[in-house]
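Structural overview
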Amino acid sequence: MSNTEPNDLEDLVDYLARTTRLERGQAERLVDEVLSFLGEQPEPFVRRRHLELQRQGLSNDAIFARLAQELSRRRFAAPAYTTRQLRRIVYG
Amino acid sequence: MCGIVGYIGKRQAAPILLEGLHRLEYRGYDSAGIAVGNKGKLRIAKRKGRVRELDALEPHKFRGGQGIAHTRWATHGEPSDRNAHPHSDASGRYAVVHNGIVENAAALKAQLAARGCVFVSDTDTEVLAHLIALLDDGSPLETVVAEALRGVVGAYGVAVIDAERPDTLVVARNGSPIVLGIGDKEMFFASDPAALVRHTESVVHLDDGEIAAVRADGYQTRTLQGAITTKTPSTIPWKDEAFDKGAFSHFMRKEIGEQPEAVRRTLSGRLDSRFQTTHLGGLSLGARDLLDIRRVKILGCGAAYLSGRIGAHLIEQLARLPADAEPASEFRYRNAVIERDTLYIAVSQSGETFDTLAAVQEIKRKGGRIMGVVNVVGSTIARECGRGVYLHAGPEIAVVSTKTFTCTAVALALLAIHLGRLRDLSVANGARLIAALQALPERIAAILEREPEIAKLAERFEGVEHAFYVGRAAGHAVACEGALKLKEISYLHAEAYPASELKHGPLALIEPGTPTVVVLPRDDLSPSPIPASGRTGWMGYSRCLSWNPSSIRCCSTSRCSCSPITWPCSAAPTSTSRATWRSPSPSNEAADRRDDDSGPASTGPP
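Residues numbered from 1 in each chain as written. Chains lettered and ligands numbered in written order. Predicted model: local features only at pLDDT ≥ 70, side-chain atom pairs only at ≥ 80, totals over all residues.

Secondary structure assignment for chain B yields 17 helices and 28 strands. Counting across all 606 residues of chain B, residues that qualify as buried make up 55%. Put simply, of all contacts in chain B between residues at least 6 apart along the chain, 70% involve residues at least 24 apart. (Helix = DSSP H or I, 4+ residues; strand = E, 2+ residues; numbered from the N terminus. Buried ≥ 20, exposed ≤ 12 C-beta atoms within 10 Å, placed from the backbone. Contact = placed C-beta atoms within 7 Å.)

This is how it looks when you write it as structure tokens:
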């Protein structure tokens with residue numbers, strides 16, 4: 001969100017400012033916080049959660065079952081695409 | 001600046017008391033003394049000079065399981081054998097050791113003299129011994145001492161022994177700390193936990209206006225008016241080894257060297273890299289409370305005040321809250337307006353600083369919101385504030401503040417980030433700051449490894465009588481701390497000035513050879529102080545020592561006798577200044593890692 005280039009997140013901020021009690025600045029911050037929270041890549045996420053669940057005393061079987069569930073629900077940042085890959089996505 | 005230690009129990013008291021005196025000697029050492037009770041009599045030894053001077057009187061041979069001892073830094077009366085504590089009444093039955101000042105000592109002395117008391121010392125403490133002897137009607141000792149103290153005006157931490165009451169010692173506190181140590185069928189007390197850690201970890205802090213009857217099997221506390229109070233023992237978090245200076249030549253040097261580890265402990269468990277913020281468990285203020293705050297006022301004395309100025313700068317920059325710092329000693333005397341939407345922060349290493357404590361009590365009395373930034377767990381200011389941040393810097397034995405100055409700045413930086421993230425500090429900025437704090441201990445260590453170079457640089461300034469320190473914003477607070485350290489340690493006159501103020505008069509005081517230390521963090525202000533430092537050089541009057549993240553530089557001018565030297569830094573030094581908190585810019589990330597701080601001045605430049 002700190003990027004001043006126009007992007008579709010501006011639409012989301014506009015929408016939140018229009019439809020909730022949030023000021024535009026607050027909506028921007030909220031989106032920024034959520035995006036930052038979801039900015040973790042899958043592998044670091046799995047390692048961190050494994051450690052956390054292990055500390056809670058869960059066995060590996062229980063941990064991996066739970067991780068599979070969590071991974072299916074959670075949004076992750078896309079990997080970095082090259083221009084060539086982007087072209088392929090668009091033009092096949 | 002005095003020390004009290006006491007013991008009652010199954011062991012011989014004298015060796016424990018003498019060892020405690022050695023531990024407290026850093027509090028003051030113009031004289032020392034000990035009183036041990038045995039078979040209805042007191043044996044007292046006291047002498048001018050350091051604790052070891054007592055050895056000639058062989059106090060270690062005193063038999064008896066109850067005793068009190070004192071190491072003194074004179075307030076009333078010159079340092080001498082007769083003014084050394086303990087002081088006793090004419091019969092020699094009661095003995096008293098005392099920290100603090102009895103303000104109405106002259107009036108009490110006149111009253112007692114009129115009743116036939118003869119004084120043999122110049123101290124205010126002797127008054128207490130005569131007063132207790134006069135008032136003793138056979139009541140329990142604590143009742144007699146309480147009655148005596150009700151007539152006393154002033155600050156005290158006091159301990160009393162009565163030869164004819166071998167099962168009880170009495171201690172009381174009003175403005176000067178007393179800590180009880182709980183042992184196995186034995187009790188200890190001292191004015192500083194340093195004297196207790198070798199024997200027990202379980203302690204009880206007396207509050208102002210409290211008196212305690214201490215017996216081998218326990219203690220009972222009450223107010224001076226007689227109401228019984230309930231105390232909860234706490235644990236001293238420090239080990240005995242922490243009070244040993246080890247291979248270091250003195251405690252200050254040891255504590256400078258401990259900074260990386262101390263800062264690591266201050267940061268431990270408080271950096272939240274998942275949400276790019278900080279976690280301060282002792283704050284006890286929720287987000288809604290913190291968002292209600294409209295202003296921050298930091299109070300402290302000496303180096304605590306100066307580190308508070310750095311903290312105020314950080315809070316203002318990161319949280320965009322108006323923030324300032326003020327000496328607690330000034331604040332408490334000026335009938336300050338206390339605002340409910342202001343967060344007051346009391347900073348103290350010991351947690352016992354008298355003026356800071358008085359300011360805390362004044363703020364609480366007027367309904368202000370207060371928190372502490374304190375090193376000693378369970379200390380009076382910590383308890384009075386009820387919320388805050390412990391530094392966990394470890395014991396600071398040297399009278400001058402070193403590692404706690406740094407750790408206080410770090411703790412206030414943690415608070416600034418917390419307040420900032422609750423407001424408008426972005427995730428990206430939070431992440432940068434968290435990463436910078438994580439890297440801080442290693443950066444401090446890198447600076448400390450350069451001590452021989454810094455010592456070599458200091459040789460260039462041998463023989464100077466005055467020094468100037470200049471800086472801007474947080475750099476000025478660091479400059480003030482540098483000047484304070486030079487005054488405290490080297491007994492040299494030093495002045496710290498805001499960089500641009502130097503030209504408004506003080507510049508005329510700079511003579512050939514006067515060193516000027518320029519605290520020059522590489523931040524967005526970094527070009528600004530240069531003209532001031534340059535000007536001192538252009539005038540040919542000063543040897544300028546500029547101190548910035550990438551170099552420590554001594555420059556000469558045409559009229560300066562020293563040759564120019566520069567030490568490029570291999571690693572960026574520690575950060576306590578604004579430079580670390582610069583706004584993020586993707587393009588200068590590498591430069592940030594290289595440049596972003598200024599810290600060595602905080603460890604006391606030469």
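Within chain A, the regular secondary structure consists of five helices and zero strands. When the helices and strands of chain A are listed from N to C terminus, the series reads α-α-α-α-α. Scaling as 2.2 N^0.38, a compact globule of 92 residues should have a C-alpha radius of gyration of about 12 Å, whereas chain A reaches 18 Å, well beyond that. Each principal axis of the C-alpha atoms in chain A carries an extent, and together these give about 45 × 45 × 20 Å. Per-residue burial over chain A gives 5% buried out of 92 residues. (Rg over C-alpha atoms; globule rule 2.2 N^0.38 Å.)

Another point: the sheet that holds strand E12 (residues 210–215) of chain B. All names here are of chain B. The antiparallel open sheet is built from seven strands, whose spatial order is E5-E6-E7-E8-E12-E13-E14. The two strands at the open ends of the sheet, each matched to only one other strand, are strand E5 (87–88) and strand E14 (228–229). Taken together, the two bridges between E5 and strand E6 (residues 94–102) define a ladder with antiparallel strand orientation. If you follow His 87 over to E6, its bridge partner there is Val 96. The strands touched by helix H3 (residues 125–135) are E5, E6 and strand E7 (154–162); relative to E6, the strand with the most contacts, the crossing angle is about 135 degrees. (Pairing = 2+ DSSP bridges. Axes fitted to C-alpha atoms, helices over the stretch in contact; angles between N-to-C directions.)

Now for the domain arrangement of chain A. Segmentation of chain A into domains returns domain 1 (8–37) and domain 2 (41–92). Look at where the C-alpha atoms of domain 1 of chain A and domain 2 of chain A centre, and you get two points 25 Å apart. (Domains from an automatic or database assignment.)

Before going further, it helps to spend a moment on the nonpolar core. Residue and element names in this part refer to chain B. Of all hydrophobic cores here, the largest spans 88 residues; its most connected members are Ile 315, Ile 345, Ala 346, Ala 416 and Tyr 469. Top contributing element to this core by residue count: helix H12 (residues 403–422), with 12 residues. Shared between two domains, this core holds at least three residues of each, these being domain 2 (251–448) and domain 3 (451–573 + 595–603). Ignoring anything within four residues of it in the chain, the contact list for Ile 315 reads Val 296, Leu 321, Ala 323, Leu 415, Ala 416 and Leu 419. Formed by 79 residues, the second largest nonpolar core is a distinct cluster that contains Leu 24, Ala 95, Ala 213 and Ile 397. (Core = buried A, V, L, I, M, F, W, Y, C linked by C-beta atoms within 7 Å.)

What follows is about the sheet that holds strand E18 (residues 295–300) of chain B. Residue and element names in this part refer to chain B. The five strands are arranged E19-E18-E20-E21-E22 in an open sheet whose pairing can be described as parallel. Of all strands in the sheet, those with a lone pairing partner are strand E19 (323–327) and strand E22 (388–390), marking the two edges. The sheet shows a mean angle of 20 degrees between the axes of neighbouring strands, taken without regard to direction. With five bridges connecting them, E18 and strand E20 (residues 342–348) associate as parallel partners. Bridging across to E20, Ile 298 finds its partner in Ile 345.

All names here are of chain B. In this structure, E12 lies alongside strand E13 (residues 218–223), joined through six bridges in antiparallel fashion. Each bridged residue has a counterpart across the sheet, and for Glu 210 the counterpart in E13 is Thr 223. Where E12 folds back onto E13 in an antiparallel hairpin, the turn is made up of two residues. Examined bridge by bridge, E13 and E14 share two bridges and lie antiparallel to one another. Pairing of Arg 222 across the sheet is with Ile 228, part of E14. Between E13 and E14, which pair antiparallel and follow one another directly, the connecting turn spans four residues, one of which, Gly 226, has a positive phi of 105 degrees.

On to helix H1 (residues 8–19) of chain A, then. Helix length check: H1 of chain A (12 residues) gives 17 Å between terminal C-alpha atoms against 16 Å at 1.5 Å per residue, within 8%. Within H1 of chain A, only one of the 12 residues are buried, leaving the element largely exposed. (Expected span 1.5 Å × (residues − 1).)

Residues and elements named next belong to chain B. It is the contact of H12 with helix H13 (residues 427–448), at a shortest axis distance of 11 Å, that shows an interaxial angle of 165 degrees. Judged by the inter-axis angle, H12 sits roughly antiparallel to H13. Crossing of H12 against H13: the hand is left-handed. Along its contact with H12, which presents Val 410, Ala 413, Ile 417 and Arg 421, the element H13 presents Gly 430, Leu 433, Leu 437 and Leu 440. Along the lines of polarity and charge, the residues of the contact of H12 with H13 split into six nonpolar, one polar and one charged. (Parallel < 35°, antiparallel > 145°, perpendicular 65-115°, else oblique. Left-handed = near helix turned anticlockwise from the far one by under 90°. Nonpolar A, V, L, I, M, F, W, Y, C, P; charged D, E, K, R; others polar.)

Residue and element names in this part refer to chain B. Put simply, His 85 and Pro 86 share a cis peptide bond, and its omega is 0 degrees. In this structure, Pro 86 sits in the loop between strand E4 (66–72) and E5. Here Asn 335, not a glycine, exhibits a phi torsion of approximately 50 degrees, which is positive. Among the secondary structure elements, Asn 335 is positioned in the loop between helix H9 (328–331) and E20.

All names here are of chain B. Structurally, Thr 229 can be placed in strand E14. Classification of Thr 229 by C-beta neighbours within 10 Å gives partly exposed; the count is 14. Sequence-wise, Thr 229 and Glu 210 are 19 residues apart; in three dimensions their C-alpha atoms are separated by 8.2 Å. If sequence neighbours within four positions are ignored, Thr 229 has contacts with Glu 210, Thr 221, Arg 222 and Thr 223.

Let us now look at the pairing of E19 of chain B. Residues and elements named next belong to chain B. Of the strand pairs in this sheet, E18 and E19 are connected by five bridges, and their pairing is parallel. Its bridge partner being in E19, Leu 299 is matched across the sheet by Glu 326. Crossover connection from E18 via helix H8 (residues 303–319) to parallel E19: handedness right-handed. (Right-handed = clockwise from strand over helix to strand, strands pointing away.)

Right, let's talk about the packing of H8 of chain B against H12 of chain B for a bit. Residue and element names in this part refer to chain B. It is the contact of H8 with H12, at a shortest axis distance of 8 Å, that shows an interaxial angle of 20 degrees. Comparing their axes, H12 and H8 come out roughly parallel. Along this stretch, H8 crosses H12, giving a crossing that reads as right-handed. Across from Ala 303, Ala 304, Ser 307, Ile 310, Gly 311, Leu 314, Ile 315, Leu 318 and Ala 319 in H8, the residues of H12 making contact are Phe 405, Thr 408, Ala 409, Leu 412, Ala 413, Leu 415, Ala 416, Ile 417, Leu 419 and Gly 420. For the contact of H8 with H12, the per-class residue count stands at 15 nonpolar, four polar and no charged.

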